[in-house]
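Geometric and topological summary
Residue strings, one per chain:
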Amino acid sequence: MISLTRGNIVDFAGDAIVNAANNSLLGGGGVDGTIHRAAGPELLAECRTLGGCPTGQARLTQGYSLPARYVIHTAGPVWEGGNHGEEELLASCYRESLALAERQGLRSIAFPNISTGVYGFPKAAAARIAIRTVREFLELHPEMEVSFLCFDAENYAIYRNLLARRL
Ligand code: AR6
């Protein structure tokens with residue numbers, strides 16, 4: 001099942017939220033900074049033990065002070081014009097995050113719009129990749145509940161239109 005919500009991902013009270021992190025996993029701005037502030041300093045302490053995360057892959061931590069039980073950290077691609085494997089790397093972020101959740105027995109998971117902030121990925125293209133990749137995964141794992149958690153109005157409108165049109 002796919003749902004769409006406009007809001008702040010740190011308020012999501014399901015099994016896991018996904019963090020749009022960087023390769024260091026040591027925090028940053030945007031949604032990453034908000035998640036670290038809301039989770040508390042234990043999150044950074046656990047992230048320090050992980051040794052980073054290659055672009056397109058995902059790592060699991062506890063959620064600490066967050067309502068969500070776990071955080072799945074994924075490093076999205078920086079948009080460099082589209083000819084540097086950005087689309088496949090972004091799809092990989094969604095696929096690897098879902099696979100990690102499924103291996104852990106987590107059912108409800110919320111995604112932010114990975115790479116569409118500081119990393120500059122065009123929002124409509126990113127949304128199409130996110131929706132397609134999640135739908136493909138849900139065909140094999142229909143028990144999973146995936147929320148797209150849009151913070152900004154532009155992303156929310158893009159997702160609402162794409163999900164309604166099944167494109
Ligand atoms: N809840 C949900 N979505 C949010 C929130 C929030 N609280 N805050 C922002 N967004 P960005 P990136 C949306 O820049 O492009 C960090 O410094 C925002 O509107 O957070 O993947 C990391 O450490 C946008 O649509 O992530 C990395 O260095 C989306 O989250 C770098 O930024 C992603 O924006 C990652 O850049």
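Whatever comes next refers back to the structure up there.
Report follows, based on the coordinates. Keep in mind that this is a model prediction, so the values were computed, not measured. (Residues numbered from 1 in each chain as written. Predicted model: local features only at pLDDT ≥ 70, side-chain atom pairs only at ≥ 80, totals over all residues. Heavy atoms only, no water.)

**Concerning the site of the ligand**
Near the ligand, the surroundings consist of 22 residues, among which Gly29, Val31, Asp32, Gly117 and Asp152 are the closest. At a separation of 2.8 Å, an oxygen atom of the ligand approaches a polar side-chain atom of Asn22. Contacts to the ligand include Ser115, whose backbone N or O atom sits 2.8 Å from an oxygen atom. Computed on the free molecule, the ligand has an accessible area of 700 Å², of which 91% lies beneath the protein chains in the complex. For the shell around the ligand, the secondary structure elements donating two or more residues are strand S2 (16-21) and helix H1 (30-39). Tallying contributions element by element places H1 first for the shell around the ligand, with 4 residues. For the shell around the ligand, a count of residues per class yields 7 nonpolar, 13 polar and 2 charged. (Near = heavy atom within 4 Å. Polar contact = N/O pair within 3.5 Å; in protein donor to acceptor, adjacent residues only side chain to side chain. Areas by Shrake-Rupley, 256 points an atom, 1.4 Å probe, with all protein chains shown as cover. Helix = DSSP H or I, 4+ residues; strand = E, 2+ residues; numbered from the N terminus. Nonpolar A, V, L, I, M, F, W, Y, C, P; charged D, E, K, R; others polar.)

**A few points about the pattern of salt bridges**
If you walk through the whole model with that rule in mind, you get 5 salt bridges. The partner of Glu154 in a salt bridge is Lys123, with the nearest N and O atoms 3.3 Å apart. Here Glu154 is found in helix H5 (residues 153-165), whereas its partner Lys123 is found in helix H4 (residues 123-140), with 31 residues between them in sequence. For Glu154, a relative accessible area of 48% puts it in the partly exposed group. Each member of the salt-bridge network shares a partner with another, and the members are Lys123, Asp152 and Glu154. (Salt bridge = Lys/Arg side-chain N within 4 Å of Asp/Glu carboxyl O. Buried < 20%, exposed > 50% of the residue type's maximum accessible area, 1.4 Å probe, protein only.)

**Quick notes on the sheet that holds strand S1 (residues 2-6)**
Sheets are built from strands that pair by backbone hydrogen bonding, the pairs being arranged parallel or antiparallel. Across the sheet, 6 strands lie side by side as S1-S6-S5-S2-S4-S3; this open sheet has mixed pairing. A strand with exactly one partner marks an edge of an open sheet, and here the two such strands are S1 and strand S3 (58-62). The sheet shows a mean angle of 25° between the axes of neighbouring strands, taken without regard to direction. Of the pairings in the sheet, the one linking S1 to strand S6 (residues 145-150) comprises 5 bridges and is parallel in character. When the bridges of S6 are listed, Ser3 appears paired with Ser147. Lying on the sheet, H1 is in contact with S2 and strand S4 (70-75); it crosses S2 at an angle near 130°. (Pairing = 2+ DSSP bridges. Axes fitted to C-alpha atoms, helices over the stretch in contact; angles between N-to-C directions. Contact = heavy atoms within 4.5 Å.)

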